[in-house]
Amino acid sequence: MRIGLYPGTFDPITLGHLDIIQRALALVDRLVIGVAINRDKGPLFSLDDRVSMVRQECAEITSRIGGEILVHPFENLLIDCARDVGATVIVRGLRAVADFEYEFQMVGMNRALDSSIETVFLMADARRQAIASKLVKEIARLGGDVTKFVPPAVNEALLTRYPR
């Protein structure tokens, strides 16, 4: 069984994330969405909220196209999380060249820690390349409309944090 791990903070999950999830699902038998706790980033949403949003959106994907998606919170090293869930592939989404430079360093470190786990990069769909959770939160905080960037349930959650 091919198991892939798609890690991130998903604070919040965006349409860009969902695009990568759907396409990654076609490459593996089971896709584990690793929701990073990462206290240093100071997430807007609690871990429970982020896990719940990811589960809800992934349930829609699996009901529509099938496949197996699990959601797994983690706070350890990414490579250790991959081992914990039995992943042989780490899936990473790329939006721009700046993403590649950071990801390139991460791949080198992860390969040094465990060369049996590969990393696969998926380019974000052209319509989704500008979407970043950080920017979505900023737009929402300043009263902007983020409906083009997040699923409806996530938009509602953002509106509870940043009412217009």
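The structure this text deals with has already been given above.
Just so it is clear, the structure is predicted and the values come from calculations on it, not from any experiment.

Criteria and thresholds
Residue numbering note: each chain is counted from 1, following its sequence as written. Note on the predicted model: pLDDT of at least 70 is required for a residue's local features to be given, and 80 or more for side-chain atom pairs to be given and counted; whole-chain, interface and lining totals, by contrast, use all residues. Side-chain measures were taken over the full set of non-hydrogen atoms in the model, leaving aside hydrogen atoms and water. Classification of residues uses two cut-offs on accessible area relative to the type maximum, computed with a 1.4 Å probe and protein chains only: under 20% is buried, over 50% is exposed, and between them is partly exposed. In DSSP terms, a helix is any run of H or I states spanning at least four residues, a strand is any run of E spanning at least two, and both are numbered starting from the N terminus. Directions pointing from the helix axis toward each C-beta atom define the arc. Contacts are assigned to residue pairs with any non-hydrogen atoms lying within 4.5 Å of each other. DSSP bridges decide pairing: two strands pair if at least two such bridges lie between them. Comment: axis = line fitted to C-alpha atoms, over the contacting stretch for helices; angle = value between 0 and 180 degrees taken between N-to-C directions.

Chemist: Help me understand helix 6 (residues 152-161), please; the structure alone is not making it clear to me.
Modeler: Quick reminder: α-helices carry 3.6 residues per turn. Residues three or four places apart thus point the same way. Buried within helix 6 we find Val154, Asn155, Ala157 and Leu158. The arc enclosing the buried residues of helix 6, seen along the axis, measures out at 160°, which places them on a common side. Turned more than 90 degrees away from the buried face of helix 6, the exposed residues are Pro152 and Thr160. Those residues of helix 6 hidden inside the fold are in contact with helix 2 (47-65) and helix 5 (133-141).

Chemist: Any chance you could explain unusual backbone geometry here in plain terms?
Modeler: For residues besides glycine, phi is generally negative; the peptide bonds are generally trans as well. Put simply, Asp11 and Pro12 share a cis peptide bond, and its omega is 0°. When you line up the elements, Pro12 lands in the loop between strand 1 (3-8) and helix 1 (15-25). Even without being a glycine, Phe10 presents a positive backbone phi close to 50°. If you trace the backbone, Phe10 turns up in the loop between strand 1 and helix 1. On the basis of relative accessible area, Phe10 is assigned to the buried category, the value being 1%.

Chemist: Would you explain the sheet that holds strand 1 in this entry?
Modeler: Spatially, the 5 strands line up as an open sheet ordered 3-2-1-4-5, and their pairing is parallel. Pairing within the sheet leaves two strands with one partner each, and these edge strands are strand 3 (68-74) and strand 5 (118-123). Strand-to-strand twist of the sheet, defined as the mean angle between neighbouring strand axes without regard to direction, takes the value 30°. With 7 bridges connecting them, strand 2 (residues 30-36) and strand 3 associate as parallel partners. In the sheet register, Val35 faces strand 3, and the bridge partner there is Pro73. Contacts between helix 2 and the sheet are confined to strand 2 and strand 3, with strand 3 contributing the most and set at about 170° to the helix.

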